[in-house]
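Read off the chains here:
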Amino acid sequence: MKVVLPFDPGDYDYGPATEAIRSILTTWVAIDWLGPSAVNDETATELFLAHQRLAHAHDPDRFPLELDVSNITGEHAEFIALCERVRGGSWDWKYSVLKQLSHEHARARGWKAEDEARVISHDAPPKPGELFFLVGEPKQLIWQMVLPRPGSGFLPKDLTTEASFYIDYAANDGLDAMKWQLAERSSDLRANPFLALLHCYQAGVYPFSLDRTKVALFRFGAAPLPRAQLLRRR
């Protein structure tokens, strides 16, 4: 199941990183969530290692190159079990590791969203494709979730909780991919570790980091999940 952007990225200017931001948005809407994957174990592993190598270049301790990678092809039950395992574990890959990578990269580049954010008001509300803005007094920075996700009504009933959990986290990777490029002030995406994660999702490969050196790469088997049609927002 794919999602549709409620805006045209071509209508927005994101500064020096404009083409990169548009590319990241295009990659997000190309992801066919929770469908069977056509890639093999070798390709799945290489897709994830591409992310690991790029992240390692910035933080070798948190992102070691020596990993225990397992490939799992399964159905709903296996995906649910992996989601429950990482949700209940002490290792927080998304917020304690990936978010820290994003934060430290922006700080190293001297980039702050606050310096570029527009102050919004009732007379000038945020636009659908605006990434962030300032609101209130004192001014508070808000990142807008411009990456749409399949709503619960479109997810298989027995996967709703776990799929929502996973896709919400993946959407944060998408936002960090854009933040990375804004901090780089460039549209050269080759060094973006978060875009590499989006490429995993696009290939139907769902990484689960179990600890610092152990990763499970899950792919759904050939049996297709129930399909649902997403209506374009008007």
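Asker: Is there a simple way to explain the packing of helix 5 (residues 160–184) against helix 6 (residues 193–202) in this structure?
Answerer: In a packed pair of helices, the relevant descriptors are the angle between the two axes and the axis-to-axis distance. One can describe the packing of helix 5 onto helix 6 by two numbers: an axis separation of 8 Å at closest approach and a directional angle of 140°. Between helix 5 and helix 6 lies a crossing of left-handed hand. Along its contact with helix 5, which presents Y166, A170, D173, G174, D176, A177 and W180, the element helix 6 presents P193, F194, L195, L197, L198 and Y201. Residues belonging to the contact of helix 5 with helix 6 are distributed by class as follows: 10 nonpolar, one polar and two charged.

Asker: Can you help me understand the environment of P128 in this one?
Answerer: Here P128 shows up in the loop between strand 2 (118–119) and strand 3 (132–135). Assessed through its relative accessible area of 44%, P128 is described here as partly exposed. Spatially, the C-alpha atoms of P128 and M145 are 9.2 Å apart, while their sequence positions differ by 17 residues.

Asker: In this structure, what is going on with the packing of aromatic side chains? I would like to understand it.
Answerer: The tally for this structure, following the rule as stated, stands at 22 aromatic pairs. Members of the aromatic cluster, connected to one another through ring pairs, are W28, W33, F79, Y166, Y201, Y206, F208, F218 and F220. R87 extends its terminal NZ or CZ atom over the ring of F165, reaching a point 4.8 Å from the ring centre.

Asker: Looking at this structure, I do not really get the packing of helix 2 (residues 41–56) against helix 6. What am I missing?
Answerer: Look at helix 2 against helix 6: their axes get within 8 Å of each other, and the N-to-C directions meet at 170°. Classed by the angle they form, the pair helix 2 and helix 6 counts as roughly antiparallel. Between helix 2 and helix 6, the residues in contact are L47, F48, A50, H51, L54 and A55 and P193, A196, L197, H199 and C200, respectively. Per-class residue counts for the contact of helix 2 with helix 6 are nine nonpolar, two polar and no charged.

Asker: Would you mind going over the nonpolar core with me for this structure?
Answerer: The nonpolar side chains of a soluble globular protein tend to be buried with one another. Of all hydrophobic cores here, the largest spans 70 residues; its most connected members are W28, W33, L34, F79, Y206 and F208. Broken down by element, this core gets its largest block of residues, 12 residues, from helix 5. Ignoring anything within four residues of it in the chain, the contact list for W33 reads M1, W28, P150, I167, A170, Y201 and Y206.

Calculation notes
- Residues numbered from 1 in each chain as written.
- Predicted model: local features only at pLDDT ≥ 70, side-chain atom pairs only at ≥ 80, totals over all residues.
- Heavy atoms only, no water.
- Axes fitted to C-alpha atoms, helices over the stretch in contact; angles between N-to-C directions.
- Helix = DSSP H or I, 4+ residues; strand = E, 2+ residues; numbered from the N terminus.
- Left-handed = near helix turned anticlockwise from the far one by under 90°.
- Contact = heavy atoms within 4.5 Å.
- Nonpolar A, V, L, I, M, F, W, Y, C, P; charged D, E, K, R; others polar.
- Buried < 20%, exposed > 50% of the residue type's maximum accessible area, 1.4 Å probe, protein only.
- Phe/Tyr/Trp six-rings, centres within 6.5 Å; stacked < 30°, edge-to-face > 60°.
- Lys NZ or Arg CZ within 6 Å of the ring centre and 35° of its normal.
- Parallel < 35°, antiparallel > 145°, perpendicular 65-115°, else oblique.
- Core = buried A, V, L, I, M, F, W, Y, C linked by side-chain atoms within 4.5 Å.

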